[in-house]
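Spelled out, the chains give:
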Amino acid sequence: NLSEKLQRSFKTLRGQGTITEENISDAMREIRLALLESDVNLEVVKDLVEHIRVKAMGTQVTTALSPSEQIVKIVHDELVTLLGKDIAKFRTASQPPSVVLMAGLQGSGKTTTSAKLAQWLKKGGHRPMLVSVDVYRPAARAQLAVVAKSTGVNLYEGKLDESVQNGTPEVLRLAKEAKKEAANFGCDILIVDTAGRLGIDAVLMDEMAELKKLLNPSEILFVADAMTGQDAVNSAKAFNDLLTITGAILTKMDGDARGGAALSIRQVTGAPIKFLGTGEKPDAFEPFHPDRIVSRIMGHGDIATLLERAESTLDKGKAEAFAKKALGGQGFTLEDFREQLRQIKKMGSMKSILKMLPSVGPFAGMAQAAENVDESQFTRVESIINSMTNKERQNADLINGSRRKRIAAGSGVTVAEVNNLLRQYAQMSKMFKTMGGGMGGGMKAQQRL
Ligand code: GDP
Ligand code: MG
């Protein structure tokens, strides 16, 4: 990852007074590569690297930070500045109902995100209403109706006039009715889910422009699939040129996306990223924190989000009891192992969790491992532990050859898999012992990064 690469290329710099053009070019190459790997658009990368080069040039090497640490800091600060230091505010109109117009290509996540946003606003004390003006695909309107129902958010269904040829006039009529309905119903925010196309096309764009004119929205949010990286940049530009978007929402951040699309979209449109979608469920949605995404790109992980997620899903009492026991030298049993697996599963996919860990220091390799995670593996491990007796779970030493055979048969796996699990368990329990004894040392190593 970026941070590690920089540290390496700057090892040789130690002891020199200033960072010079010559010793910077290596680092610049690394930065370029790492940004490209994070899916940042090529043009955006060029701009960024130039900015960083100018900043880094002639920077005095201080005694507090090594040159490599200084470069890492410059890159970090530059990325945060680009993304905007603070969390972008959600804008409302002075006269309710405020209208939020959702824009984006088909499949980007507009419908799902409309429902998520509605739920988020509802939790924040608003009274949102949803409407879908996708008159082209009946299934799309039905899809919104389903999620609206499941989250208990008001929906304006309206009726399509079968005799009218479906098209922009119908879209505008529905939108107008919905805004009126929202006002009558005392809803302060109307979220308008729109039709998407597979690519930018003139009809869609005209329709969006007409919707904007009609509704005078306080937010025009461009929804982009973070996995599409480069393509998202082109459509962001097209939508922004036409509509002047007020913000962007990146969806599918729970997948392999590295977050580079956030930088590109911001750079190309100037609009802030406002929210992230992190899963298919209505609550897999969070305000965008620029510094956190930068940490993720730089390889420092996204511990803040991870902790937040842990806090909201984990059983605190259980977690504390576990930490006390495991780190307090009382040992870590297979029973604890199973309980931890269950708690972790509640937090989301293993892949998404591992991705948030720093990829330097004690967690090195975890993000890499995330690429190869087989989620079904966790269910298998759990079923293996389920097939053990209570005594075996408390004392793994009991589990000899014949017991291994029995456990394998009971859980429908091979003996090799049981052996594997026991080996992993042994490693973990060793790790907990060292952590319990050496917390101080571990913390120090973290701080240096
Ligand atoms: P639309 O065509 O723009 O309305 O896109 P949809 O809302 O129908 O979403 C397309 C697909 O992406 C659906 O299968 C959604 O469940 C999925 N999806 C949307 N947002 C997310 C997300 O944040 N994470 C994941 N994993 N899937 C998402
Ligand atoms: Mg849709």
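Residues numbered from 1 in each chain as written. Chains lettered and ligands numbered in written order. Predicted model: local features only at pLDDT ≥ 70, side-chain atom pairs only at ≥ 80, totals over all residues.

Thoughts on helix H8 (residues 202-215)
Inference 1: Its 14 residues give H8 an end-to-end C-alpha distance of 20 Å, which sits within 8% of 20 Å, the value for a rise of 1.5 Å per residue.
Inference 2: By the burial criterion, the buried members of H8 are Leu 204, Glu 207, Met 208, Leu 211 and Leu 215. For H8, the angular spread of buried residues about the axis comes to 100 degrees, placing them on one side. Away from its buried face by more than 90 degrees, H8 exposes Ala 202, Asp 206, Ala 209 and Lys 213.
Inference 3: For H8, the elements touching its buried residues are strand S1 (98-103), helix H7 (168-184), strand S4 (189-193) and helix H9 (230-243). (Helix = DSSP H or I, 4+ residues; strand = E, 2+ residues; numbered from the N terminus. Expected span 1.5 Å × (residues − 1). Buried ≥ 20, exposed ≤ 12 C-beta atoms within 10 Å, placed from the backbone. Arc of directions from axis to C-beta. Contact = placed C-beta atoms within 7 Å.)

Re the nonpolar core
Inference 1: If you look at the biggest cluster of nonpolar residues, it comprises 82 residues, and the most contacted ones within it are Val 192 and Ala 248.
Inference 2: Looking at which element gives the most residues to this core, the answer is helix H4 (residues 67-83), with six residues.
Inference 3: Composition of this core by domain shows at least three residues from each of domain 1 (2-83) and domain 2 (98-300).
Inference 4: Not counting the four nearest positions on each side in its chain, Val 192 is found in contact with Val 99, Val 100, Leu 101, Met 102, Val 131, Val 133, Ala 175, Leu 211 and Leu 215. (Core = buried A, V, L, I, M, F, W, Y, C linked by C-beta atoms within 7 Å. Domains from an automatic or database assignment.)

Observations concerning the site of ligand 1
Inference 1: Around ligand 1 there are 18 residues in total, and Gly 109, Lys 110, Thr 111, Thr 112 and Gly 277 lie nearest to it.
Inference 2: No other element matches the three residues that helix H5 (residues 110-123) contributes to the shell around ligand 1.
Inference 3: Taken together, the residues of the shell around ligand 1 break down into one nonpolar, 13 polar and four charged. (Near = placed C-beta within 6 Å. Nonpolar A, V, L, I, M, F, W, Y, C, P; charged D, E, K, R; others polar.)

A look at unusual backbone geometry
Inference 1: Cis geometry marks the peptide bond from Pro 96 to Pro 97; its omega dihedral reads 0 degrees.
Inference 2: Phi at Asn 216 takes a positive value of approximately 45 degrees, unusual for a residue other than glycine.
Inference 3: Examined against the element boundaries, Asn 216 turns out to sit in the loop between H8 and strand S5 (219-225).
Inference 4: One non-glycine residue, Lys 252, lies in positive phi territory at about 65 degrees.
Inference 5: For Lys 252, the position within the fold is in the loop between strand S6 (247-251) and helix H10 (260-269).
Inference 6: Exposure remark for Lys 252: the 23 C-beta atoms within 10 Å place this residue in the buried category.

Some details on the environment of Phe 275
Inference 1: Tracing the chain through its elements places Phe 275 in strand S7 (residues 273-277).
Inference 2: When the C-alpha positions of Phe 275 and Ala 88 are compared, they lie 8.8 Å apart, and in sequence the two are 187 residues distant.
Inference 3: Those residues within four positions of Phe 275 in sequence are excluded, and the remaining contacts are Ile 249, Phe 285, Glu 286, Pro 287 and Phe 288.

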